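Take a look at the letters that make up each chain.
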Amino acid sequence: MGWLSKLFGSDGGGRSAKPENFEQWFEQYAALGFERQQQFAEETADAGEAEVDLGRGRLRFADGSEYGVQLIGSLAHTSDTWLWGWANQTVGSDSPFVQQSARLRQLGEKFVLPFFCMDKNPYSGDQMHRLGLFAVGLFGALGYYPLNLGDFTLLLNVGYNQDPGAHPNPAIEQKRLASVFSQLIAAYPVYDHLHALECYLRAKGYQTAVRADAAGSLLEAQQGSLKLSAAFDSARRLIQLTA
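Residues numbered from 1 in each chain as written. Predicted model: local features only at pLDDT ≥ 70, side-chain atom pairs only at ≥ 80, totals over all residues. Heavy atoms only, no water.

K.L.:
Can you help me understand the overall build of the protein in this one?
P.N.:
Counting its regular elements, the protein contains six helices and 11 strands. Among the 243 residues that make up the protein, the fraction classed as buried is 47%. Within the protein, contacts between residues separated by at least 24 positions form 54% of all contacts whose residues are at least 6 apart in sequence. For the protein, the exposed area adds up to about 11,600 Å²; of that, 49% sits on carbon and sulfur atoms. (Helix = DSSP H or I, 4+ residues; strand = E, 2+ residues; numbered from the N terminus. Buried < 20%, exposed > 50% of the residue type's maximum accessible area, 1.4 Å probe, protein only. Contact = heavy atoms within 4.5 Å. Areas by Shrake-Rupley, 256 points an atom, 1.4 Å probe, with all protein chains shown as cover.)

Quick look at the structure:
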């Protein structure tokens, strides 16, 4: 499980470096996953319908574009039941295309996260999308793809271990980071905005510092000549973000 030791760093925002529950894990990777998911959605917007070959671990669109995939799991619509890829008997636990799913099981075992360890769980579509963002950010995927097959939907991590790259203009890239984070917290429940934003900025190469008092916190981040600041209330919810 050596890969787990690479996930952590110090947290200048006063939080434990090792997340203690799924919400903290989600905060750590959601913004990065959301950014990549936006870019992947734009890239495949006109690609047409998709089909998957789990034997080859490939997702192919109608326009001929093709991506490597990992099966994270599947959601059965009739029962709202989630089945992990590592527990999918059709694919097989020894398939190289459920490695990321198996790593999530390892994560759950190490940090006592029962959801990651149980082969089947009650679940919903909204929860599946949150899991998709988390998996994209954690594993460095290009995005996730929810492939609807009628009775169930496969959650596929696409183009794993790839970097879509930043905008060539650093100032525009910084504005995009601010926009991505604002859209994320508007679209999904993120309980600790300070933790989520600091993790996102550090993942993007920024140096960060946090000053806190009874009224709230101020996060200041810098990468070269670029500076970004964010103010938070006493509950660590975003008040203002300046890029």
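K.L.:
Help me out: how do you make sense of the packing of aromatic side chains in this one?
P.N.:
To describe a pair of aromatic rings, you give the distance between the ring centres and the angle between the ring planes. In this structure the tally under the stated criterion is 17 aromatic pairs. With centroids separated by 6.3 Å and ring planes inclined at 80°, the aromatic side chains of Phe34 and Tyr188 adopt a geometry described as edge-to-face. A residue pair is termed long-range when its members are at least 10 positions apart, and Phe34 in helix H1 (residues 22–43) and Tyr188 in the loop between helix H5 (170–187) and helix H6 (193–203) qualify at 154 residues. Members of the aromatic cluster, joined through ring pairs, are Phe22, Trp25, Phe26, Tyr29, Trp82, Trp84, Phe111, Phe115, Phe116, Tyr123 and Phe134. Its end group placed over the ring of Trp86, Arg105 keeps NZ or CZ at 4.0 Å from the ring centre. (Phe/Tyr/Trp six-rings, centres within 6.5 Å; stacked < 30°, edge-to-face > 60°. Lys NZ or Arg CZ within 6 Å of the ring centre and 35° of its normal.)

K.L.:
Is there a simple way to explain the packing of H1 against H5 in this structure?
P.N.:
When two helices pack together, their arrangement is given by the angle between the helix axes and the distance between those axes. Their axes nearest at 9 Å, the elements H1 and H5 cross at an angle of 105°. The angle between the axes of H1 and H5 places the two elements in the roughly perpendicular class. Contact with H1, carried on its side by Ala30, Ala31, Phe34, Glu35, Gln38 and Gln39, involves Arg176, Leu177, Val180, Phe181, Gln183 and Leu184 of H5 and no other residues of that element. (Axes fitted to C-alpha atoms, helices over the stretch in contact; angles between N-to-C directions. Parallel < 35°, antiparallel > 145°, perpendicular 65-115°, else oblique.)

K.L.:
Help me out: how do you make sense of the nonpolar core in this one?
P.N.:
In globular proteins that are soluble, nonpolar side chains generally tend to be buried together. Counting residues in hydrophobic clusters, the biggest one holds 51 residues, and the most contacted among them are Trp82, Trp84, Phe116, Leu131, Phe134 and Leu184. When near neighbours in sequence (up to four residues on either side) are disregarded, Trp82 contacts Ile72, Gly73, Ser74, Leu75, Phe115, Asp119, Lys120, Asn121, Tyr123, Met128, Leu131 and Leu155. (Core = buried A, V, L, I, M, F, W, Y, C linked by side-chain atoms within 4.5 Å.)

K.L.:
How do you make sense of the pattern of salt bridges when you look at a structure like this?
P.N.:
Pairing between side chains becomes possible if they bear opposite charge and their charged atoms approach one another. If you walk through the whole model with that rule in mind, you get 13 salt bridges. Here Arg56 makes a salt bridge to Glu66, at a shortest N to O gap of 3.2 Å. Separated by 10 residues along the polypeptide, Arg56 in the loop between strand E1 (50–53) and strand E2 (58–61) and Glu66 in strand E3 (residues 66–76) bring together distant segments of the chain. With relative accessibility at 48%, the residue Arg56 sits in the partly exposed group. Of the charged contacts, one joins Arg58 and Glu66 as a salt bridge, the two residues approaching to 2.9 Å between their closest N and O atoms. Through salt bridges with shared partners, a single ionic network connects Asp53, Arg56, Arg58, Arg60 and Glu66. (Salt bridge = Lys/Arg side-chain N within 4 Å of Asp/Glu carboxyl O.)

K.L.:
So what exactly am I meant to see when it comes to the pairing of strand E9 (residues 216–223) here?
P.N.:
When a strand is regular, its side chains alternate between the sheet's two faces. Two strands pair when backbone bridges link them, and strand E8 (residues 207–213) and E9 are joined in this way by seven bridges, in the antiparallel orientation. Bridging from a neighbouring strand, Ala209 pairs with Glu220 of E9. Inspection of the sheet shows E9 paired to strand E10 (residues 226–233) by eight bridges, in the antiparallel sense. Looking at the pairing, Gly216 lines up with Asp233 of E10. Linking two consecutive strands that pair antiparallel, namely E9 and E10, is a turn of two residues; a positive phi of about 60° is found at Gly224 within it. (Pairing = 2+ DSSP bridges.)

K.L.:
Mind showing me how you'd approach the environment of Gln37 here?
P.N.:
If you trace the backbone, Gln37 turns up in helix H1. Between the alpha carbons of Gln37 and Gly132 there is a distance of 9.0 Å; along the sequence they are 95 residues apart. Sequence-distant contacts of Gln37, that is, excluding residues within four places in its chain, are made with Leu133, Val136, Leu142, Gly143 and Tyr144.

Any functional reading would require information beyond the geometric quantities listed.
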